[in-house]
Amino acid sequence: MASIPFKDVKGLQVSATRWQTLPSAGFRTYGGGYTESSGRTEDVSDTLALLGGDVKYDTVAEKVEAKSESPIVTQMKMKTKAVAFTFNDTFFNGDQGVNPDAFEGLKKRVSNMPARQTIDLASSTDSLKILASAANEKLFLDALHQAIKVVDGATHIFCNENTWIKFGSVLRDLGLSYNVVELYDRRWETFAGVPLVDVGLKSDKSTEIITSTEDPGDGGNDATSIYVARMDTDDGLCGIQLAGTSINVYDPLNGNEMEAGPQRLRRIDWAVGLTAPSQYSICRIKGFKMAAS
């Protein structure tokens, strides 16, 4: 979430014009003219989703003199963390076909982009076992180079924890670590100058956001993915939020107790979404397993 650039929008929907087909160009004879040709464009739009939650607490909590932290503060910190986890999960896995109240994530967006934006390493629908051979490891690095190329100006490589850890194994196996110090002390946090980011866990603190149980095409559940993205507020992937709001934390009852009982309410509310005007700002590498078998 901290890596994503945001821009403010004035409504609950943002529209953009995307290039579709370039116009033709050519040479003309001296004294001659050009044949008129205009490029084709298409309108694309993204909508904001409302993300947040309520915290209800007993008024007695306001009188508790905790040694470390007020129970109200603790609950609000936990709610804020839950919002961040939910945003991170939706950033990759959001699908309005499953949850129409959420925004579309990278997995759904890249599926609607040109075919070259998805690199499938599965062989005969079986996941490619990256650590099984040097040849497979080279295929993996080639795919990363290809993804960075098709994104054109990639700023981030997103993966899960196992991929992040085993990436160092690939480099060592291929002799791309230079000395013993690098083998044990160097943290491989970039590839071709692009940051390699472990996107972490869902709010249950155990399930990976980018899982290692994807179907490579054979009905199994042993594959995973990497997403390469160009994030900027021009025509790349970026966050959008309602202008003048950001993450809104407030008391909807203005300090009054709830009618049902001696409780008060705190609310977090955020009008947020994603947009990616360019069809070439995201690439997904899928169909592989960071293991030998």
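So, a few notes on the structure that sits alongside this text. Once a new chain begins, its residue numbering starts again from 1 and follows that chain's sequence as written. For this predicted model, a pLDDT threshold of at least 70 governs which residues receive local features, and a threshold of 80 or more governs which side-chain atom pairs are given and counted, while totals over whole chains, interfaces and linings are taken from all residues. Neither water nor hydrogens contribute to the side-chain values; these are computed over all heavy atoms in the structure.

### Digging into the layout of surface pockets
Then, in step 1: Roughly 310 Å³ of internal volume is contained in the largest pocket.
Then, in step 2: A cavity here means a set of 1 Å grid points, computed over protein atoms only, where a 1.4 Å probe fits but cannot escape. A pocket is an open set with protein on both sides within 12 Å along at least 5 of 7 lines, and lining residues have an atom within 4 Å of a point. Lining of the largest pocket is provided by 15 residues; of these, Arg18, Ser45, Asp46, Arg109 and Asn112 occupy positions nearest its centre.
Then, in step 3: Secondary structure elements with two or more residues in the lining of the largest pocket: strand 2 (13–21), strand 3 (40–47) and helix 2 (106–111).
Then, in step 4: It is strand 3 that contributes the most residues to the lining of the largest pocket, four residues altogether.
Then, in step 5: Note on residue categories: nonpolar means Ala, Val, Leu, Ile, Met, Phe, Trp, Tyr, Cys or Pro, charged means Asp, Glu, Lys or Arg, and polar means any other residue, Gly included. Split into classes, the residues belonging to the lining of the largest pocket amount to five nonpolar, five polar and five charged.
Then, in step 6: Lining the second largest pocket, in full, are Thr17, Arg18, Trp19, Gln20, Thr21, Leu22, Asp235, Pro277, Ser278, Gln279 and Tyr280.
Then, in step 7: Considered class by class, the residues forming the lining of the second largest pocket number four nonpolar, five polar and two charged. Grid points are joined across faces, edges and corners, and a volume is the space filled by probe spheres set on the points. By definition, any uninterrupted DSSP run of H or I lasting at least four residues is a helix, any uninterrupted run of E lasting at least two residues is a strand, and each is numbered from the N terminus.

### Describing the packing of aromatic side chains
Given two aromatic rings, their pairing is described by the distance between the two centres and the angle made by the two planes.
Then, in step 1: Planes of paired rings set the category: under 30 degrees apart is stacked, over 60 is edge-to-face and the rest tilted, where pairs are Phe, Tyr or Trp rings (Trp by its six-membered ring) whose centres lie within 6.5 Å. Counted by the stated rule, this structure contains 12 aromatic pairs.
Then, in step 2: Centroid distance Phe140 to Phe288: 5.5 Å. Interplanar angle 55°. Geometry classified as tilted. Within this pair, whereas Phe140 is found in helix 3 (residues 134–151), its partner Phe288 is found in strand 14 (residues 282–289), the two being separated by 148 residues in sequence. Across the pair, exposure class does not vary: Phe140 and Phe288 are buried alike.
Then, in step 3: Ring geometry for Phe167 against Phe191: centres 5.5 Å apart, planes inclined by 90°, an arrangement best described as edge-to-face. You can see Phe167 sitting in helix 4 (residues 161–173) and its partner Phe191 sitting in strand 8 (residues 190–191), a full 24 residues away along the chain. Taken individually, Phe167 and Phe191 each receive the classification buried, so the pair is uniform in this respect.
Then, in step 4: By way of ring pairs, the aromatic residues Phe6, Phe87, Phe91, Phe92, Phe103, Phe158, Tyr227 and Trp270 are connected into one cluster. A simple rule labels every residue: compare its accessible area, found with a 1.4 Å probe on the protein chains alone, to the largest value its type can have, and call it buried under 20%, exposed over 50%, or partly exposed in between.

### What about the pairing of strand 7 (residues 156–159)?
Then, in step 1: The two faces of strand 7 match: His156 and Phe158 on one face and Ile157 and Cys159 on the other face are all buried.
Then, in step 2: What makes two strands pair is DSSP finding at least two bridges between them. In the sheet, strand 7 pairs with strand 10 (residues 224–229) via three bridges, with the strands oriented antiparallel. Note on strand 10: the bridge partner recorded for His156 is Ala229.

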